[in-house]
Amino acid sequence: MVRYLSMAEIARALGISVQAGNQRSVRESWTFQKAQGRGGGKCYEFSLLPGNVQAAILKRESRTLLTEGPLDKAQNQAVPLPNIRKPSITKAEGDAKAATATGKARDRMDARLAILRQFEQFIQESPIKSSRKTGGTLQKEAFCAAWNQGRIDHPAHSLFPIISSDKLTRWGEQLRSNGLYRLAGTYGHRRGSGLIDLQPQLSAALRCFIYEYPHGQAGIAHQWLCSRYDVLPAVLADDGPIHLPGRRTVARWLERWKHENAELYTLFKSPDEWKNRYMIGWGDADAHIHRLNQ
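Residues numbered from 1 in each chain as written. Predicted model: local features only at pLDDT ≥ 70, side-chain atom pairs only at ≥ 80, totals over all residues. Heavy atoms only, no water.

Q: Help me out: how do you make sense of the overall build of the protein in this one?
A: Counting its regular elements, the protein contains 12 helices and five strands. Across the 294 residues in the protein, those meeting the buried criterion constitute 37%. A sequence separation of at least 24 residues applies to 63% of the contacts in the protein between residues at least 6 apart. Of the roughly 18,900 Å² that the protein leaves accessible, carbon and sulfur atoms contribute 51%. (Helix = DSSP H or I, 4+ residues; strand = E, 2+ residues; numbered from the N terminus. Buried < 20%, exposed > 50% of the residue type's maximum accessible area, 1.4 Å probe, protein only. Contact = heavy atoms within 4.5 Å. Areas by Shrake-Rupley, 256 points an atom, 1.4 Å probe, with all protein chains shown as cover.)

Q: Please clarify how the confidence of the model for the protein should be interpreted in this entry.
A: The predicted coordinates should not be examined in detail at positions where pLDDT is low. Scored by pLDDT, the protein has a mean of 78; 75% of the residues are at 70 or more. Taken together, the stretch residues 70-85 has pLDDT below 50 and engages in 24 contacts with residues farther than four places along the chain or on a different chain. (pLDDT = per-residue confidence, 0-100.)

Q: Help me out: how do you make sense of the sheet that holds strand E3 (residues 42-45) in this one?
A: Strand pairs in the sheet, formed through backbone hydrogen bonds, run parallel or antiparallel to each other. The sheet built from three strands is open, its strands ordered E1-E3-E2 with antiparallel pairing. Lying at the two open borders of the sheet, with one neighbouring strand each, are strand E1 (4-6) and strand E2 (33-34). In terms of strand pairing, E2 meets E3 through two bridges, oriented antiparallel. Of the residues in E3, the one forming a bridge with Gln33 is Cys43. Taken strand by strand, helix H1 (residues 7-14) contacts E1 and E3, and its axis lies near 80 degrees from that of E1. (Pairing = 2+ DSSP bridges. Axes fitted to C-alpha atoms, helices over the stretch in contact; angles between N-to-C directions.)

Q: Explain helix H8 (residues 200-212) here, please?
A: Three or four residues apart is the spacing at which side chains of an α-helix point the same way, because the helix has 3.6 residues per turn. Helix length check: H8, at 13 residues, gives a terminal C-alpha distance of 18 Å against a target of 18 Å (1.5 Å per residue), a fit within 8%. Among the 13 residues in H8, 11 count as buried, and that is most of the element. The set of residues buried in H8 consists of Gln201, Leu202, Ser203, Ala204, Ala205, Leu206, Arg207, Cys208, Phe209, Ile210 and Tyr211. (Expected span 1.5 Å × (residues − 1).)

Q: Just to check I follow, could you spell out the nonpolar core for this structure?
A: Nonpolar side chains in soluble globular proteins tend to be buried together. Ile10 and Leu225 are the most contacted members of the largest nonpolar core, which has 36 residues in total. At the level of elements, H1, helix H3 (51-67), H8, helix H9 (218-229), helix H10 (247-260) and helix H11 (262-269) are the ones that each hand at least two residues to this core. Counting residues per element, this core draws most heavily on H8, at seven residues. The next biggest cluster of nonpolar side chains, apart from the first, holds 25 residues, and it includes Ala98, Trp147, Ile163 and Leu175. (Core = buried A, V, L, I, M, F, W, Y, C linked by side-chain atoms within 4.5 Å.)

Q: Would you explain the pairing of E3 in this entry?
A: Regular strands have side chains that alternate between both faces of the sheet. In this structure, E1 lies alongside E3, joined through three bridges in antiparallel fashion. In the sheet register, Tyr4 faces E3, and the bridge partner there is Glu45.

Q: What is the right way to look at the packing of aromatic side chains in this model?
A: Two measures describe an aromatic ring pair: the distance that separates the ring centres and the angle between the ring planes. By the definition in use, this model includes nine aromatic pairs. Centre to centre, the rings of Phe209 and Tyr213 are 5.3 Å apart; their planes meet at 45 degrees, and the pair counts as tilted. Residue Phe209 is classed as buried on the basis of its relative accessible area, which comes to 3%. With 5.6 Å between their ring centres and 45 degrees between their planes, Phe209 and Trp224 make a pair best called tilted. Here Phe209, found in helix H8, pairs with Trp224, found in helix H9; they are 15 residues apart in sequence, far enough to count as distant. On the basis of relative accessible area, Trp224 is assigned to the buried category, the value being 19%. Taken together, the ring pairs connect Phe119, Phe122, Phe143 and Trp147 into an aromatic cluster. (Phe/Tyr/Trp six-rings, centres within 6.5 Å; stacked < 30°, edge-to-face > 60°.)

Q: Explain the environment of Pro127 to me, please; I cannot follow it from the model alone.
A: As for its position among the elements, Pro127 is in the loop between helix H5 (103-125) and helix H6 (137-148). Relative accessible area serves as the criterion here: at 59%, Pro127 is assigned to the exposed category. Taking the C-alpha atoms as reference points, Pro127 and Gln139, separated by 12 residues in sequence, lie 7.7 Å from one another.

Q: Which parts of the structure should I look at to understand the environment of Ala142?
A: Assignment of secondary structure puts Ala142 in helix H6. When the C-alpha positions of Ala142 and Ser165 are compared, they lie 9.0 Å apart, and in sequence the two are 23 residues distant.

Written out as structure tokens, the structure is:
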């Protein structure tokens with residue numbers, strides 16, 4: 001999610017006047033855009049600002065957030081989760097859409113379908129007399145054991161070397177309910193549409209966590225969020241309900257943020273390394289040269 005700031009906001013974070021901020025922006029050639037609406041003016045994309053300026057802004061945000069009192073217990077309410085998941089599709093839609101699958105999605109779809117077909121063949125060739133239902137739990141477990149041990153030779157084994165009875169059941173239900181394309185999976189989501197990015201409170205809190213604890217692990221960050229918002233499963237903040245993500249979601253968000261903001265993260269965790277890698281040297285190389293070949 002692209003974030004823009006006015007010079008007034010930047011100047012407050014730097015502890016200088018707006019005039020001094022404007023002078024610095026001109027001197028260092030900061031990238032800006034014309035603000036929309038009445039009054040115009042300039043706005044600056046956060047990710048394009050110098051690393052030390054970004055750090056100053058996050059420091060101010062961090063101090064503000066961490067000095068806020070805990071949320072009022074009376075505000076804690078169980079509310080429905082926001083609908084951020086991909087909508088389900090009908091079987092007809094899923095079968096029709098299967099033709100559009102490409103790349104890894106196509107490979108997953110074809111492999112899962114092949115495994116289901118292989119299971120159907122296994123049922124016919126290896127019936128279990130004690131099984132009450134054709135294709136029931138006993139046959140699924142027997143098939144999975146044979147598959148996992150490599151006794152069933154099939155190209156799909158390279159993608160799914162280990163399967164379980166639960167996976168077979170889930171894939172079969174998805175195929176019957178949502179069509180073939182559902183077997184391609186629903187990996188990932190549009191950037192900015194995840195549970196954390198949809199809730200500015202959480203993304204701001206995690207940015208502050210990175211600033212305060214640059215070496216902190218995802219598990220600690222998740223515990224910190226749970227402790228701060230004291231939410232089971234949700235709390236109602238001033239600007240809407242907050243729904244906490246799981247630990248793995250927090251880990252993925254932190255990893256992505258650190259990758260997309262490599263310079264800023266380097267400044268947080270090791271200022272000396274940041275100076276060596278990113279800081280521009282403005283010195284004059286021949287300032288102390290006084291004679292030929294010195």
